[in-house]
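The residues making up each chain are set out below.
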Amino acid sequence: MNGDFLALLPRPNLAVSGMERTAASTPRLEGTTVFAFHCADGVLVAGDHRATAGNVVFSDTTEKILELDAHSLMAIAGSPSVALEMARTLQTSFEFYRRSQLQPMSLAAKLRALSRLLRENLPGTLQGFGAVAPLFAGVDAADGKPSIYFYDPLGAQFEAAAYAGSGSGSSSVKSVLHYLEKWGPHPATMALPDAVNLANRLLMTAAEFDAATGGVDPAQKDFATLKLLNRDGIRSFTRNEQAQFWQEARP
Amino acid sequence: MTDEPYRWLEAVANRREYIRDQLKDATPAFAVSRPEGVLLMGVGVGQSKVFEIYDRLALAALGHSVDIERVRQTAIEAAHLEGFTRDPADVTLRRLLNFSLCPALKSSFEQVFAAPFLVELLMVELGSDRSSDVMARVNYDGSVRYLTGQVAVAHPSSTTESAATEWLQGQLTDDLGLKDVVSRLITAWRAMPPGKPFVTPPTDGPKDGSIPKPGLELALLDRRSSSRARYRILNPNDLA
């Protein structure tokens, strides 16, 4: 017993996950925007709600920021069938390890677990239908600091010093965040209401230049999926909370 | 030997006697269904008695630490495989006990040439309200009893177990907070020292509900939480 959930799966002859699937999945999240940046209260992870299949809007209620456990978030961009299965596998693996070993899995091991799933998805990535390029945000149990990581579709992992983004609309977001990092105001020192408003404005900007990114409509209280991660865990922001921040920021 | 029915019966009887003798000095474990959730308590010196199994499932056990660990691992593996294969909502205590744990315990008990499991278990499932909480008392031989009351006690002696359960059911009124509930549980724990029967605490006299040191373990399957995993370890000093 070493707490490895994936090693347990072959016993009852269960497939490891959706990674062996060969059928092409219809909706694709390449047309998407997810991003994460450091703010004064932790790491804020944001995403839009849109899934597209070619030029068809497949869904406008897709959850792309997924809670893997009490201290880990995964933002998905890429093939949703594979990405969601990866998230489900990681959720079970992390909780299985924590419960069976009576201690949480280390952040390094969590990062490697996602790397391993991405590597095992190599056939899907090469065939062009199952590529996933996720973001990962996790808290190091030793020092309680939240960190942001991004991956390439083959499983290489990189730590982002200040921010990271993935999906077709992320280049606009990363450009703005780069500007702010260089010339201010710095997101890393922003209070929570300002950081939440910044995330929604960034998503509006991404939607302006990327048709596949679902935007923000404050009049309809339609905001980004937003989750804050820090040593205390994960906090999700409701539509009403975001609407209140938005209203308070109006000049 | 097992070809001869009488000797087999004798072997099983000896086995029960051996297990009871091994467990006779074990200290009890408790589970209580409350508005806040299902509270579990154990006092184990140098040994854990209370464990998380799955999102809404938990275990309190007494017995040999290695056997508790084997049961715990089996339950965790079965629950996670089921939750992964189907859905976490399909992981229920009744299914886990009826199709995984209890058959394994019974099978092990009947292998008269192998060492038996030295365990007595309380397993609980958190429901959406108190009426849907499930508490089960599982014996070393795989027999299971689903409990209808809101208090469950696991003790090697069934007489002591019944007496303590009855006393606690009279004590744990709905208006008590978790701190007072824990205090009553500790009073009951003190009233059944290892190897001795339950002595009903005096009605009007002083009751020692102070926290024993060391080894008190408290956990709550929290009904008020919105997270998937409801198990929370409680610090007795933080209880209101």
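Since the structure is predicted, the reported quantities are computational estimates derived from the model, not experimental observations.

Procedures and definitions
Residues numbered from 1 in each chain as written. Chains lettered and ligands numbered in written order. Predicted model: local features only at pLDDT ≥ 70, side-chain atom pairs only at ≥ 80, totals over all residues. Heavy atoms only, no water. Helix = DSSP H or I, 4+ residues; strand = E, 2+ residues; numbered from the N terminus. Buried < 20%, exposed > 50% of the residue type's maximum accessible area, 1.4 Å probe, protein only. Areas by Shrake-Rupley, 256 points an atom, 1.4 Å probe, with all protein chains shown as cover. Phe/Tyr/Trp six-rings, centres within 6.5 Å; stacked < 30°, edge-to-face > 60°. Lys NZ or Arg CZ within 6 Å of the ring centre and 35° of its normal. Expected span 1.5 Å × (residues − 1). Pairing = 2+ DSSP bridges. Axes fitted to C-alpha atoms, helices over the stretch in contact; angles between N-to-C directions. Contact = heavy atoms within 4.5 Å. Buried area = accessible area lost by both parts, 1.4 Å probe. Salt bridge = Lys/Arg side-chain N within 4 Å of Asp/Glu carboxyl O. Core = buried A, V, L, I, M, F, W, Y, C linked by side-chain atoms within 4.5 Å. Polar contact = N/O pair within 3.5 Å; in protein donor to acceptor, adjacent residues only side chain to side chain. Parallel < 35°, antiparallel > 145°, perpendicular 65-115°, else oblique. Left-handed = near helix turned anticlockwise from the far one by under 90°. Nonpolar A, V, L, I, M, F, W, Y, C, P; charged D, E, K, R; others polar. pLDDT = per-residue confidence, 0-100.

J.: Sorry if this is basic, but what is going on with the overall build of chain A here?
T.: Assigned secondary structure in chain A consists of 7 helices and 12 strands. The principal-axis extent of the C-alpha atoms belonging to chain A is close to 60 × 45 × 30 Å. Residues counted as buried form 54% of the 251 residues belonging to chain A. For chain A, the exposed area adds up to about 11200 Å²; of that, 53% sits on carbon and sulfur atoms.

J.: Explanation requested: the packing of aromatic side chains in the structure shown.
T.: Aromatic rings considered in pairs are described by the distance between their centres and by the relative angle of their planes. Scanning the model with the defined rule gives 9 aromatic pairs over all chains in all. Here A:Tyr179 and A:Trp183 contribute two aromatic rings whose centre-to-centre distance is 5.4 Å and whose plane-to-plane angle is 45 degrees, an arrangement assigned as tilted. Placement of both A:Tyr179 and A:Trp183 in helix 5 (residues 170-183) is noted, with a separation of 4 residues, approximately one turn of the helix. Take A:Trp183: its relative accessible area is 58%, and that puts it in the exposed class. Seen in terms of ring centroids, B:Trp167 and B:Phe198 are 6.2 Å apart; in terms of plane orientation they differ by 50 degrees. Their pairing is tilted. Residue B:Trp167 is located in helix 4 (residues 158-171), and its partner B:Phe198 is located in the loop between helix 5 (178-190) and strand 9 (216-222); the two are separated by 31 residues in the primary sequence. Each member of the pair, B:Trp167 as well as B:Phe198, carries the same accessibility label: buried. Through pairs of rings, three or more aromatic residues link up here, namely A:Phe5, A:Phe96 and B:Phe84. Just above the ring of A:Trp183 sits the side chain of A:Lys182; from NZ or CZ to the centre is 5.9 Å. The ring of B:Tyr146 carries B:Arg94 above its face, with NZ or CZ at 4.3 Å from the centroid.

J.: Can you help me understand helix 5 of chain A in this one?
T.: An α-helical turn contains 3.6 residues, so a residue and the one three or four places further along point in the same direction. Compared with the 20 Å implied by 1.5 Å per residue over 14 residues, the 20 Å span of helix 5 of chain A between its first and last C-alpha is a close match. At the C-terminal side of helix 5 of chain A, A:Gly184 shows a positive phi close to 80 degrees.

J.: Looking at this structure, I do not really get the sheet that holds strand 5 (residues 119-125) of chain B. What am I missing?
T.: As a general point, the strands of a sheet are linked pairwise by backbone hydrogen bonds and lie either parallel or antiparallel. Residue and element names in this part refer to chain B. The sheet built from 5 strands is open, its strands ordered 3-4-5-6-7 with antiparallel pairing. A strand with exactly one partner marks an edge of an open sheet, and here the two such strands are strand 3 (50-54) and strand 7 (144-147). Going across the sheet, the axis of each strand differs from the next one's by a mean of 25 degrees, ignoring polarity. Packing against the sheet, helix 3 (residues 93-110) makes contact with strand 3, strand 4 (57-63), strand 5, strand 6 (134-138) and strand 7, and its axis sits at approximately 165 degrees to strand 5.

J.: Teacher, can you tell me more about the interface of chain B and chain A here?
T.: Bring the parts together and some accessible area is lost; that lost area is often taken as the interface size. Counting from both sides, the interface comprises 18 residues of chain B and, opposite them, 22 residues of chain A. For the pair chain B and chain A, the summed buried area comes to about 1600 Å², and 57% of that belongs to carbon and sulfur atoms. Across the chain B-chain A interface, the total number found is 3 salt bridges. A salt bridge links B:Asp55 to A:Arg99, with the shortest nitrogen-to-oxygen separation between them at 2.8 Å. Counting only elements with at least two residues in the side of chain B that touches chain A, the list comes to strand 3 and helix 2 (65-85) of chain B. Looking at the side of chain B that touches chain A, the element that brings in the most residues is helix 2 of chain B, giving 10 residues.

J.: Even after reading the chapter, I still don't get the nonpolar core, so can you show me in this structure?
T.: A general tendency of soluble globular proteins is for nonpolar side chains to be buried together. Counting 54 residues, the largest nonpolar core has A:Phe136 and B:Ile53 as its most contacted members. Core analysis: the second largest hydrophobic core is formed by 27 residues, B:Val43, B:Val182, B:Leu216 and B:Leu218 among them.

J.: Sorry, what's going on with the side chain of A:Lys227 here?
T.: Residues and elements named next belong to chain A. Positionally, Lys227 belongs in strand 11 (residues 225-230). Of the polar contacts made by the side chain of Lys227, one reaches the side chain of Ser236; its length is 2.8 Å. Discounting residues that sit within four places of it in the chain, Lys227 has contacts with Val43, Leu44, Val45, Ile65, Glu67, Leu73, Ile234, Arg235 and Ser236.

J.: Explain the sheet that holds strand 8 (residues 146-151) of chain A here, please?
T.: All names here are of chain A. Taken together, 5 strands build an open sheet; the order of strands is 5-6-7-8-9 and the sheet is antiparallel. Looking along the sheet, the strands with just one partner apiece sit at the ends: strand 5 (65-69) and strand 9 (157-160). Strand-to-strand, the axes of this sheet are offset by a mean angle of 25 degrees, without reference to chain direction. Two strands pair when backbone bridges link them, and strand 6 (residues 72-75) and strand 7 (residues 135-139) are joined in this way by 4 bridges, in the antiparallel orientation. Across the sheet, the residue bridging to Met74 is Phe136, located in strand 7. Lying over the sheet, helix 3 (residues 107-120) contacts strand 5, strand 6, strand 7, strand 8 and strand 9, oriented at roughly 15 degrees with respect to strand 8.

J.: Just checking my understanding: could you explain the pattern of salt bridges for this structure?
T.: Side chains bearing opposite charge may pair, as long as their charged atoms lie close to each other. Under the criterion given, the structure shown has 26 salt bridges over all chains. With a closest N to O distance of 3.0 Å, A:Asp60 and A:Arg50 form a salt bridge. Separated by 10 residues along the polypeptide, A:Asp60 in the loop between strand 4 (56-59) and strand 5 and A:Arg50 in the loop between strand 2 (42-47) and strand 3 (51-53) bring together distant segments of the chain. By relative accessible area, which is 17% here, A:Arg50 ends up buried. Between B:Arg137 and B:Glu161 there is a salt bridge, and its shortest N-O distance comes to 2.9 Å. Placement of B:Arg137 in strand 6 and of B:Glu161 in helix 4 is noted, with a sequence separation of 24 residues between them.

J.: Please clarify how the packing of helix 4 of chain B against helix 5 of chain B should be interpreted in this entry.
T.: The geometry of a pair of packed helices is captured by two quantities: the angle between their axes and the separation between those axes. All names here are of chain B. Here helix 4 crosses helix 5 at 155 degrees, and the two axes come no closer than 10 Å. The angle between helix 4 and helix 5 falls in the class roughly antiparallel. With respect to the hand of their crossing, helix 4 and helix 5 are arranged in right-handed fashion. Each of Trp167, Leu168 and Gln171 in helix 4 lies in contact with helix 5, whose residues at this interface are Arg184, Leu185, Thr187 and Ala188. For the contact of helix 4 with helix 5, the residue count by class is 4 nonpolar, 2 polar and 1 charged.

J.: Is there a simple way to explain the confidence of the model for chain A in this structure?
T.: Mean pLDDT for chain A: 88, with 92% of residues reaching 70 or above. Below a pLDDT of 50 lies the segment residues 15-29 of chain A, which in the model reaches 43 contacts outside its immediate sequence neighbourhood of four places, other chains included.

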